[in-house]
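So the chains spell out like this:
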Amino acid sequence: MSAKRRSGVGMGTIDERNRTYDYHGHANVTSGELFDLIFIEQLADALGITTEAASMVLIGQPFIPVSGKLSAATNTPGTSVASILSRKLLGDTRFPFGLRLGAPMGKLSKLKMVPTSKIATFLGRWVPFVGYAELIITVQLVAIRTRQKYNLIARPKDRIQWTSF
């Protein structure tokens, strides 16, 4: 029987003879496989957050066809659920004092900031970008948590010393 030591309460064990790890029912995993298992576990824990982000990205996509849209060749060819809902809820409500705020418009390859005074237009155009930001933050948090948990379990020589996350 090989010598094993526990690396933390309920976290896993290290097989000193084979230089492998046991983690949540996965036996004899390498340090790279251990990292992958922890990353998947952390991502699964965070999916509750990404559900909202994914929803925001999806409802902000121009899937709904619009006939007669001006300059559809250079801009997005349709409209989004977010745009339709924001126009229905807010109607023609405008920012006070004639304020015109920039909102992203067009295809991602030709994205430009276009000023608008309508609150509904502004919100409808920014919704998917809020979703993208939330997804980026979620992935960053998953990476940080993965590194922290991995470093609690891994041998000192296998630990990750990344400073970027």
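Residues numbered from 1 in each chain as written. Predicted model: local features only at pLDDT ≥ 70, side-chain atom pairs only at ≥ 80, totals over all residues. Heavy atoms only, no water.

### Quick word on the overall build of the protein
Reasoning step 1: Each helix and strand counted, the protein has three helices and eight strands in total.
Reasoning step 2: Along the protein, from the amino end to the carboxyl end, the secondary structure elements read β-β-β-β-α-β-β-α-β-β-α.
Reasoning step 3: Here the protein, with 165 residues, has 34% of them falling under the buried criterion.
Reasoning step 4: By sequence separation, contacts in the protein at least 24 residues apart represent 44% of the contacts at least 6 residues apart.
Reasoning step 5: Within the structure as shown, the protein displays about 10,200 Å² of accessible surface, and the carbon and sulfur contribution to it stands at 65%. (Helix = DSSP H or I, 4+ residues; strand = E, 2+ residues; numbered from the N terminus. Buried < 20%, exposed > 50% of the residue type's maximum accessible area, 1.4 Å probe, protein only. Contact = heavy atoms within 4.5 Å. Areas by Shrake-Rupley, 256 points an atom, 1.4 Å probe, with all protein chains shown as cover.)

### Some details on helix α2 (residues 81–90)
Reasoning step 1: Restricting attention to buried positions, one finds in α2 the residues Ala82, Ser83 and Ser86. Seen from one end, α2 has its buried residues packed into an arc of 100 degrees, which puts them on one side.
Reasoning step 2: One or two residues past the end of α2 sits glycine 91, with phi positive at roughly 60 degrees. (Arc of directions from axis to C-beta.)

### Things to note about the confidence of the model for the protein
Reasoning step 1: On average, residues of the protein score 79 in pLDDT, and 77% of them are at 70 or above.
Reasoning step 2: Averaged pLDDT values over the elements of the protein bottom out at 49 in strand β1 (residues 4–8) and peak at 93 in strand β8 (residues 112–116). (pLDDT = per-residue confidence, 0-100.)

### Notes on the pattern of salt bridges
Reasoning step 1: For the structure on display, the rule yields four salt bridges.
Reasoning step 2: Linking aspartate 92 and arginine 94 is a salt bridge whose minimum nitrogen-to-oxygen distance equals 3.5 Å.
Reasoning step 3: Residue classification places aspartate 92 among the partly exposed residues on the basis of a relative accessible area of 49%.
Reasoning step 4: Lysine 157 is the salt-bridge partner of aspartate 158, the closest N and O atoms lying 3.3 Å from each other.
Reasoning step 5: Counted as one network, the salt bridges with shared partners bring together Asp92, Arg94 and Lys118. (Salt bridge = Lys/Arg side-chain N within 4 Å of Asp/Glu carboxyl O.)

### Observations regarding the environment of alanine 143
Reasoning step 1: For alanine 143, the position within the fold is in helix α3 (residues 119–153).
Reasoning step 2: Note on alanine 143: relative accessible area 13%, which makes it buried.
Reasoning step 3: Once the C-alpha coordinates of alanine 143 and phenylalanine 39 are considered, the two residues, 104 residues apart in sequence, prove to be 7.1 Å apart.

### A look at the nonpolar core
Reasoning step 1: Grouped together as the largest cluster of nonpolar side chains are ten residues: Tyr21, Tyr23, Val29, Leu34, Phe35, Ile38, Tyr150, Ile153, Ala154 and Ile160.
Reasoning step 2: Counting only elements with at least two residues in this core, the list comes to β3 (20–23), α1 (31–59) and α3.
Reasoning step 3: With three residues, the top contributor of residues to this core is α1. (Core = buried A, V, L, I, M, F, W, Y, C linked by side-chain atoms within 4.5 Å.)

### A word on unusual backbone geometry
A negative phi angle characterises most non-glycine residues, just as the trans form characterises most peptide bonds.
Reasoning step 1: A positive phi is found at asparagine 28, a non-glycine position, where the angle reads about 55 degrees.
Reasoning step 2: Of note, asparagine 28 is situated in strand β4 (residues 26–29).
Reasoning step 3: Take asparagine 28: its relative accessible area is 46%, and that puts it in the partly exposed class.
Reasoning step 4: The phi angle at phenylalanine 97 is positive, at roughly 60 degrees, despite the residue not being glycine.
Reasoning step 5: Turning to its location among the elements, phenylalanine 97 is positioned in the loop between α2 and β7 (101–105).
Reasoning step 6: Accessibility expressed as a relative area gives 87% for phenylalanine 97, which makes it exposed.

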